[in-house]
Amino acid sequence: MAKGLDWAKRLYENRSQRAKELREEGNKVIGYICAFPPRELITAAGLVPYRITGTLEPITEADAYLETLMCPYVRSCLDLGIKKRYDFLDGMIWPHTCDNIQKTFDIWKHYVPHSYFHYLDVPHMPDPSSFEFFTKELDVLKESLEEFGGVKITEECLKEAIGVHNENRALLRQLTGLRKQAPPPISGTEMTQVMMAAMSIPVYESNEMLKNIIEEVSTGKDGPQEKTARLLVYGCEIDDIAFINLVEECGANVVIDDLCMGTRDYWKDVATEGDPLKNLADRILGEIMCPRTFRRSPGTRQQDLDNRFSYIRDFAQEFNVNGTILYIIRYCDTFEFDAPEVRDYLEEAGIPVLYLEDDYSLTSIQGFKTRIQAFLEMIE
Amino acid sequence: MYFVGVDLGSTMTKVVIMDEAVLACVIGPTGAEHRRLAYKVMEETLRQANLPFDEISYVVATGYGRINVPFADKQITEITCHAKGVSSLFPTVRTAIDIGGQDAKGIKIANGRVVGFVMNDKCAAGTGRFLEVIANDLGVRLEEMGELSLNSKSRVGISSTCTVFAAQEVVSRIAEGTPIEDVLAGLHEAIASRVYRMVERLKIERDVVVTGGVAKNIGVVKALEEHVGFPVLVTEEPLLTGAIGAALLGKELTLNALESGRPIERGARRLEEATFFK
């Protein structure tokens, strides 16, 4: 059995392997898309949560069902679904995070059969009434998972699941914290592999793997070389190493991210005192910093911007970065609306920004190379 | 001391040799074979300057094919080189607009340094390639398009930003009997508007310098001026800015190293055919 980073790398290269094994042993695997579905409930129901991702391979089937001006990440996921690459899933949970994900749910349900589907309504504004509503929605999801899993999710076992998932997030934060060092003991490319691996196996195994990796990288493994620039990568879905690897090959250390398969997913924990469903709602709706959630502007424009983006600036300062790359997927209006403001906000704070727009397939990788190199020359 | 800048563009290869000023320069087409033979253009430039290669202190390669120059000491991107070249020619520059064969880019410059940039991606609309395709379709020479368009009394609107579809649009305009100068003026406006919208993301500031092959087209330059709302500057030889910047950056590196007593980091310096394509 491979250990540490090798363990993660192997899973990254064959992500569904462990889930398929578990299924053969009689477990049920529940797929979910995006960072919003509560993995804690899936775990508490004795099911295996599995994060759905897309791929860089060309989309060949999905274009018959979705226009090419839809989010290319969602199109890629659907493409894989139609090609039966997700047929090892027993069921799926789709959250209403953005319109592309919402509408694709219906198409997926029709063309990619699984025995269980649940659509999770996530309100768009973190207001008191929304939290109340969302807590009830999570209760509906809980009942539906109980029925599918043939189990009762007691408060005690949900709290236990929350504890284990909090530990998972804490381990990811601990690993990320090591990247404050110069040079960082783990590269951005490796970190992407770790995230992809961690989201493909049961949380207990994920925790074991992360402990293993933390031990490995903090005890003198040959880490990345120190490069001239330390960068933050901001964006939505990056679920392949190609882009971050390209950035690192151009001569930078990627030391922190604000990505869906990154800190956005694990930076905040679920509170452990009180009603666990309410605590889950508080984290998902209140703490996941995704632009799909509209945060009311308190007062001035500057206060509004601080409210939405100061955590990115804080990341940049804490991790001592000298530049940020905004990697924006074309037709992801959720992020495209925010990106110009994020750019201006960070530049205002003295952090140089490179804005890249991609169709998620990295076909213009040469063009990116020139831009990234020029950016590194600029901030040198 | 002599410094060389090699700008291997998508369409043209430019080589300059400098000491205090430009001593020699050669501009030749890139092409699939020529890219492999960048050293021939180098040799021709050396002949012009009457210098052996050993006398060259430093060689910087830039442009699309910068990796295919086995005799270079260092590769630097065209963004940084253009900024350097433009500011050496026009110290007051704040915005550089470079329209080459396949790329269009905007560079924001402060005190001779890049502070921001934008580039087009994938699509060749709004670049020199676009003009080449249309010139070919219309049977006009690339060099005369600009002057011709200045005779336009009523320029047509070209709605498509895609080279292939714009070419169709042009052909149908000509078939309708629209004067060629009005069609050309419309095309130049289409390019200028596309490039302007892209570069304006950087917030264009004066002075603006236009470089690259398309800067030789007076029609595009005039159309750009209409968009920015004030006169723009064009270098004497707009193709050479990148190569000049590359040579100057090489000079800077060499002099800094000499001053601080550090050794000068050199490349393999093989004045031969490139055998790798990465």
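About the criteria used
Residues numbered from 1 in each chain as written. Chains lettered and ligands numbered in written order. Predicted model: local features only at pLDDT ≥ 70, side-chain atom pairs only at ≥ 80, totals over all residues. Heavy atoms only, no water. Helix = DSSP H or I, 4+ residues; strand = E, 2+ residues; numbered from the N terminus. Rg over C-alpha atoms; globule rule 2.2 N^0.38 Å. Buried < 20%, exposed > 50% of the residue type's maximum accessible area, 1.4 Å probe, protein only. Contact = heavy atoms within 4.5 Å. Areas by Shrake-Rupley, 256 points an atom, 1.4 Å probe, with all protein chains shown as cover. Salt bridge = Lys/Arg side-chain N within 4 Å of Asp/Glu carboxyl O. Buried area = accessible area lost by both parts, 1.4 Å probe. Polar contact = N/O pair within 3.5 Å; in protein donor to acceptor, adjacent residues only side chain to side chain. Pairing = 2+ DSSP bridges. Axes fitted to C-alpha atoms, helices over the stretch in contact; angles between N-to-C directions. pLDDT = per-residue confidence, 0-100. Core = buried A, V, L, I, M, F, W, Y, C linked by side-chain atoms within 4.5 Å. Domains from an automatic or database assignment. Nonpolar A, V, L, I, M, F, W, Y, C, P; charged D, E, K, R; others polar. Patch = residues over 30% accessible without salt bridge, like charges linked within 9 Å, V, L, I, M, F, W, Y side chains within 5 Å.

Novice: Sorry, what's going on with the overall build of chain B here?
Specialist: Secondary structure assignment for chain B yields nine helices and 10 strands. A compact globule built from 278 residues should have a C-alpha radius of gyration of about 19 Å, and chain B, at 20 Å, falls within 12% of that. C-alpha atoms of chain B, sized along the principal axes, occupy 65 × 40 × 30 Å. Counting only residues that meet the buried cut, chain B has 54% of its 278 residues in that class. In chain B, once contacts between residues fewer than 6 apart in sequence are set aside, the share between residues at least 24 apart is 67%. Surface summary for chain B: the accessible area is close to 12,400 Å², and the carbon and sulfur share equals 50%.

Novice: What am I meant to see in the pattern of salt bridges here?
Specialist: Where charged atoms of side chains with opposite charge meet at close range, the side chains can pair. For the structure on display, the rule yields 45 salt bridges over all chains. Here Arg-169 of chain A ties to Glu-40 of chain A by a salt bridge, and the two come within 2.7 Å at their closest N and O atoms. Residue Arg-169 of chain A is located in helix H7 (residues 155-177), and its partner Glu-40 of chain A is located in helix H3 (residues 39-44); the two are separated by 129 residues in the primary sequence. Residue classification places Arg-169 of chain A among the buried positions, given a relative accessible area of 2%. Take Glu-40 of chain A: its relative accessible area is 3%, and that puts it in the buried class. For Lys-105 of chain B, the salt bridge is made with Asp-98 of chain B, and the minimal N-O distance between the two is 3.2 Å. For Lys-105 of chain B, a relative accessible area of 4% corresponds to the buried category. In this structure Asp-98 of chain B comes out as buried when scored by relative accessible area, which is 5%. The structure contains a network of salt bridges with shared partners spanning Arg-301, Asp-304, Arg-308, Asp-338 and Glu-341 of chain A.

Novice: Is there a simple way to think about the interface of chain B and chain A in this case?
Specialist: One frequently used descriptor of interface size is the decrease in accessible area upon assembly of the parts. Across the boundary between the two partners, chain B contributes 16 residues, which contact 14 residues of chain A. Regarding the contact of chain B and chain A, the summed buried area is about 1,300 Å², with carbon and sulfur atoms giving 47% of it. Our count for the chain B to chain A interface comes out at zero salt bridges. Counting across the interface, chain B meets chain A through seven residue pairs in polar contact (both at pLDDT 80 or more). Where the side of chain B that touches chain A is concerned, the elements lending two or more residues are helix H3 (78-89) and strand S8 (113-119) of chain B. When residues in the side of chain B that touches chain A are grouped by element, the largest group, six residues, is from S8 of chain B.

Novice: What exactly am I supposed to notice about the sheet that holds strand S2 (residues 12-18) of chain B here?
Specialist: Adjacent strands of a sheet form backbone hydrogen bonds with each other and so pair up, either parallel or antiparallel. All names here are of chain B. Read from one edge of the open sheet, five strands run S3-S2-S1-S4-S5, paired in mixed fashion. The sheet terminates laterally at strand S3 (22-29) and strand S5 (74-75), the two strands that pair on one side only. Here seven bridges tie S2 to S3, and the two strands are oriented antiparallel to one another. Along S3, the bridge assignment pairs Thr-13 with Gly-28. Contacts from helix H9 (residues 241-260) reach strand S1 (2-8), S2, S3, strand S4 (56-62) and S5 within the one sheet, and its direction differs from that of S1 by about 140 degrees.

Novice: Sorry, what's going on with the confidence of the model for chain B here?
Specialist: Low pLDDT means the predicted atomic positions in that stretch should not be read closely. Residue and element names in this part refer to chain B. On average, residues of chain B carry a pLDDT of 89, and 95% of them reach 70 or more. By mean pLDDT, helix H1 (residues 32-36) is the weakest element of chain B at 66, and strand S9 (residues 208-211) is the strongest at 97. What the predictor reports for the complex is a pTM of 0.92 with an ipTM of 0.88.

Novice: Got a minute to help me understand the sheet that holds strand S8 (residues 353-358) of chain A in this structure?
Specialist: Residue and element names in this part refer to chain A. Taken together, four strands build an open sheet; the order of strands is S6-S5-S7-S8 and the sheet is parallel. Looking along the sheet, the strands with just one partner apiece sit at the ends: strand S6 (252-258) and S8. Across the sheet, the mean angle from the axis of one strand to that of its neighbour is 25 degrees, orientation sign disregarded. Across the sheet, helix H15 (residues 365-379) is in contact with strand S5 (229-235), S6, strand S7 (323-329) and S8; its angle to S8 comes to roughly 175 degrees.

Novice: Honestly, the pairing of strand S1 (residues 29-32) of chain A in this entry has me stumped. Any pointers?
Specialist: Where a strand is regular, its side chains alternate between the two sheet faces. All names here are of chain A. The alternating pattern of S1 places Val-29 and Gly-31 on one face and Ile-30 and Tyr-32 on the opposite face, and all of these are buried. Two elements, S1 and strand S3 (residues 91-95), share three bridges in a ladder whose sense is parallel. For Tyr-32, the partnering residue across the bridge sits in S3 and is Ile-93.

Novice: What is the right way to read the nonpolar core from this model?
Specialist: Buried together is how nonpolar side chains tend to be arranged in soluble globular proteins. Residues Leu-175, Phe-243 and Ile-372 of chain A are the most contacted members of the largest nonpolar core, which totals 149 residues. Of all the elements, H15 of chain A adds the most residues to this core, at seven residues. What Phe-243 of chain A contacts, discounting residues up to four positions off in sequence, is Val-233, Ile-238, Ile-325, Tyr-327, Leu-356, Leu-362, Phe-368 and Ile-372 of chain A. Met-145, Ala-166, Val-210 and Ala-223 of chain B belong to the second-largest nonpolar core, a separate cluster that totals 39 residues.

Novice: Where do I start with the domain arrangement of chain B in this structure?
Specialist: All names here are of chain B. One can read the domain layout of chain B as domain 1 (2-80 + 240-276) and domain 2 (92-234). Each partner contributes to the interface: domain 1 provides seven residues, whereas domain 2 provides 11 residues. Together domain 1 and domain 2 conceal approximately 740 Å² of surface at their shared face, both sides included; 60% is due to carbon and sulfur atoms. At the boundary of domain 1 and domain 2, one finds two residue pairs in polar contact (both at pLDDT 80 or more). Per-element accounting of the side of domain 1 that touches domain 2 gives the leading share, three residues, to H3. Among the residues making up the side of domain 1 that touches domain 2, the classes are represented as two nonpolar, four polar and one charged.

Novice: Please explain a nonpolar patch on the surface as it appears in this structure.
Specialist: Residues and elements named next belong to chain B. Residues Met-1, Leu-255 and Leu-258 make up a contiguous nonpolar surface patch of about 280 Å² in total accessible area. Summarising the element assignment, Leu-255 is placed in helix H9. Overall, the relative accessible area of 36% leaves Leu-255 in the partly exposed class.

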